[in-house]
Amino acid sequence: MTGTRSDATVTPDDTSPPRSGLRLPGGREIGRRLFTANETWTILALVLIMAFFTVRAPNTFLTTNDLSLMAENTSPLLIMAVGQTFVILTAGIDLSVGSVLVLASVVSDEYFVHNGGGKGGWVIVLIGTVIGVASGAGWGTVQGFLVSKAKIPPLIATLGGFGAALGVSYLITGGQDLGAPPGPLADTIGLGSVAGVSWLIVISFVVTLVFGLILAHTRFGRYSYAIGSNPEAGRRAGVAVDRHLIKVYALAGALSGLAGLISLAFNNGTTLTGHTTDNLTVITGVVLGGASLFGGRGSMLGTFIGIFIPQVLNTGLQIIGLNEYWQQVAIGIVLVCAVYLDQFRRRLRERA
Amino acid sequence: MPEESTPLLEARDLVKRYGQVQALDEANFTAGEGEVTALIGDNGAGKSTLVKSLAGALRPDSGQILISGRPVTMSSPLDARAAGIETVYQDLALAPDLDAAANLHLGREIYWFRPLRILNKPEMRRRAVTAFADLGVELRDVSAPVASLSGGQRQSVAVARAVAYASKIIFMDEPTAALGVLQRERVLDNIRRVRDRGIAVVLISHNMPEVLSVADRVEVLRMGRRVARFRAADATVEQLVGAMTGALTTEEATVRSGNGDSAGENGNGDGKDAA
Ligand SMILES: Nc1ncnc2c1ncn2[C@@H]1O[C@H](COP(=O)(O)OP(=O)(O)OP(=O)(O)O)[C@@H](O)[C@H]1O
Ligand SMILES: [Mg+2]
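Residues numbered from 1 in each chain as written. Chains lettered and ligands numbered in written order. Predicted model: local features only at pLDDT ≥ 70, side-chain atom pairs only at ≥ 80, totals over all residues. Heavy atoms only, no water.

A. A look at the packing of helix 7 (residues 183–191) of chain A against helix 11 (residues 241–267) of chain A. All names here are of chain A. Two numbers describe how helix 7 lies on helix 11: the axes approach to 7 Å, and their chain directions differ by 90 degrees. Between helix 7 and helix 11, the crossing angle belongs to the class labelled roughly perpendicular. Residues Leu185, Ala186, Ile189 and Gly190 of helix 7 form the contact with helix 11, whose own contacting residues are Leu261, Leu264, Ala265 and Phe266. Across the contact of helix 7 with helix 11, the residue classes tally to seven nonpolar, one polar and no charged. (Axes fitted to C-alpha atoms, helices over the stretch in contact; angles between N-to-C directions. Helix = DSSP H or I, 4+ residues; strand = E, 2+ residues; numbered from the N terminus. Parallel < 35°, antiparallel > 145°, perpendicular 65-115°, else oblique. Contact = heavy atoms within 4.5 Å. Nonpolar A, V, L, I, M, F, W, Y, C, P; charged D, E, K, R; others polar.)

Here is the structure:
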């Protein structure tokens, strides 16, 4: 800090209720907070959708097996959604997530294939993971530069990144999916579980928790909110806005890279064609979780709940026997509705 | 003569162009410590542009800024902050989605565990509550997003932030514009208190009685230039308005105020000698 003094210091023993009447959260206050919190509505939506499918398909939907399978399926999406949350909070967007996932999994698997293939050990897995995460981070950093320094709108910068990352993946592989990653990755991580919970779920939940804490309790998180809320306010308060944006896009890239390894483990190989609509799903999940595309508002808890909605819709529609193409239609509609709701909330707020 | 001592803040020949618009046209400005300097002028005269240039929020195209006679560059708000300068911007520069406590500490967060930059939110909240209480601002909830506050409350948050941290100079760009009578008086009281701490206060206002009641000196900006300076005690509202509208020519302003010994000098008579 600079030599400025703070006249606003308080003696540490001043724990009595503040004079200007910071209200103690009583029952009504908590009720009001719950009612206005976006997460409440997200949970409600999720429960309603689940209830709908449970009624429609009483004995198939919502079995334990289904729940954990859904969570496993969602784990790469959840990890990408964590990064996307930071990006959207800064009033940006990252369309490149699915392609960066593919790119990272290709780069890692390329390394695995040349280092013992399926017979590689934990060390190989570790090195490959670092390579994958680093390539995702590198890709994200470039996109961050384009957004913050070159002033290219995030939509365009990451749309370019989306196409280019996939192109590079095809160039590396020649269009053929790469095969089996090392045993520890494919078997232990991909199939194994710890204390009855799949490793995939453990990893994605821990990532969510860690970055949720970072978002809520560190300067990094606070600056993300501040920049999305009013970048000029941040700048004038001495926040290095451009540098922060680069970090945020790098983080999103790194997490897409990690999702690439999760996907590699889960699918026992790369899946070049499987991720073209991941961005749609991830952004839908984050927006359903209450994050505003205008920046400044959102939470990791919301994202955590919201990202399951597309997955539940998918599974549910499948079970009630709807043509699988309808799933994309449904998710598209849900996204548009969610954004409309956000607009609506925003207008309400601005009128107030 | 007070005129001869080096002023705490001096701007010389600041120029700022926005395309065709010449917002600052070789503007001069001075502010002294322990003094309230009112900066007045018609809409679009360049007041906000001048303040932003002096606060590091904007880079002037040319010109010189001196603090205690030493030339400084204000290339970023951090430079200004390091020099003990705080600003209440006309547009307030608050993050509407953050609460008052977070806005108050934006860019100078307090940590619970510094190596990991983990925030100490309760402490920041406590300090915010005291800062607002000191200012006499009633904020029911420092944890409510600033967007949910009234215009006047937002203005109070911006003022509180500047007052809490300024150690040398404080710029206030129309800090009372949205305030009720009571809050306005409180802000004016605070301006006096801050001044008595030895801080240079620069107040932009369109309210002439307010200017004359709180300011020690008045500098008038017109079309990007300083056209007159007054000692508030000697000035009348008619004179100020005349200088702002150009009805009172620069010479007249100089002659009239220059007649008295304590009066300012010709605004156009450029940035003087300053040792
Ligand atoms: N960002 C900008 N882009 C273009 N022109 C600008 C910009 N900011 C200010 N100007 C122009 O510069 C001139 C001075 O503006 P400034 O905001 O400094 O006036 P002001 O004296 O603060 O007026 P007010 O009393 O209305 O606040 C105006 O003509 C304005 O149109
Ligand atoms: Mg102005």
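Still to come is the rest of the account.
B. Representation of the environment of Gln176 of chain A in the model. With respect to the secondary-structure elements, Gln176 of chain A resides in the loop between helix 6 (154–173) and helix 7. In this structure the C-alpha to C-alpha distance between Gln176 of chain A and Thr270 of chain A, which are 94 residues apart in sequence, comes to 9.1 Å.

C. How the structure looks around the coordination of the magnesium ion (ligand 2). Residue and element names in this part refer to chain B. Ligation of the magnesium ion (ligand 2) by protein atoms is provided by Ser48 (OG) and Gln90 (OE1), these donors lying 1.9 to 2.1 Å from the ion. Of this pair, Ser48 sits in helix 1 (residues 47–54) while Gln90 sits in the loop between strand 6 (85–88) and helix 3 (100–104), and the two are 42 residues apart along the sequence. In this structure Ser48 comes out as buried when scored by relative accessible area, which is 17%. For Gln90, a relative accessible area of 42% translates into the label partly exposed. (Donors = N, O, S within 2.8 Å, 3.2 Å for Na, K, Ca; no water. Buried < 20%, exposed > 50% of the residue type's maximum accessible area, 1.4 Å probe, protein only.)

D. Up close: the site of ligand 1. Residue and element names in this part refer to chain B. The full set close to ligand 1 counts 14 residues, and Gly44, Lys47, Ser48, Thr49 and His206 are the nearest of them. Gly44 is positioned with one of its backbone polar atoms (N or O) 2.8 Å from an oxygen atom of ligand 1. Here Gly46 contributes a backbone N or O atom positioned 2.9 Å from an oxygen atom of ligand 1. Looking at the shell around ligand 1, the elements with two or more residues in it are strand 2 (21–31) and helix 1. Per element, the largest residue contribution to the shell around ligand 1 is three residues, and it comes from helix 1. (Near = heavy atom within 4 Å. Polar contact = N/O pair within 3.5 Å; in protein donor to acceptor, adjacent residues only side chain to side chain.)

E. Main features of the pattern of salt bridges. Residues and elements named next belong to chain B. One pass over the full model with this rule turns up 19 salt bridges over all chains. Residue Arg217 is joined to Glu35 by a salt bridge in which the shortest nitrogen-to-oxygen separation is 3.2 Å. Of this pair, Arg217 sits in strand 11 (residues 217–222) while Glu35 sits in the loop between strand 2 and strand 3 (36–40); the two residues are 182 residues apart in sequence, bridging distant segments of the chain. Each of the two residues, Arg217 as well as Glu35, counts as buried. The partner of Glu123 in a salt bridge is Arg127, and the shortest N-O contact between them spans 3.0 Å. In this pair, Glu123 and Arg127 both sit in helix 4 (residues 121–135), four residues apart, roughly one turn of the helix. (Salt bridge = Lys/Arg side-chain N within 4 Å of Asp/Glu carboxyl O.)

F. Broad picture of unusual backbone geometry. Non-glycine residue Ala91 of chain A carries a positive phi angle of around 70 degrees. Tracing the backbone through its elements, the reader meets Ala91 of chain A in the loop between helix 3 (64–89) and helix 4 (97–113). One non-glycine residue, Glu174 of chain B, lies in the positive phi region at around 50 degrees. Relative to the helices and strands, Glu174 of chain B is located in the loop between strand 9 (169–173) and helix 6 (181–196).

G. Just helix 12 (residues 278–288) of chain A, in detail. All names here are of chain A. By the criterion of burial, helix 12 is predominantly enclosed, with 10 of the 11 residues buried. Taken residue by residue, helix 12 has Asp278, Asn279, Thr281, Val282, Ile283, Thr284, Gly285, Val286, Val287 and Leu288 as its buried positions. Count one or two residues on from helix 12 and you reach Gly290, which has phi positive near 100 degrees.

H. Local environment of the pairing of strand 1 (residues 9–18) of chain B. Residues and elements named next belong to chain B. Where burial is concerned, most of strand 1 is hidden: seven out of the 10 residues are buried. With five bridges connecting them, strand 1 and strand 4 (residues 62–67) associate as antiparallel partners. When the sheet's bridge partners are listed, Leu9 is paired in strand 4 with Ile67. Examined bridge by bridge, strand 1 and strand 2 share eight bridges and lie antiparallel to one another. Of the residues in strand 2, the one forming a bridge with Tyr18 is Val21. (Pairing = 2+ DSSP bridges.)

I. Layout of the sheet that holds strand 12 (residues 225–231) of chain B. Residue and element names in this part refer to chain B. Read across the open sheet, the six strands follow the order 6-9-10-3-11-12; overall the sheet is mixed. Each end of this open sheet is capped by a strand with a single partner; those strands are strand 6 and strand 12. The average angle at which neighbouring strand axes cross in this sheet is 15 degrees, direction not considered. Relative to strand 10 (residues 200–204), helix 6 is tilted by about 150 degrees, and along the sheet it contacts strand 3, strand 9 and strand 10.

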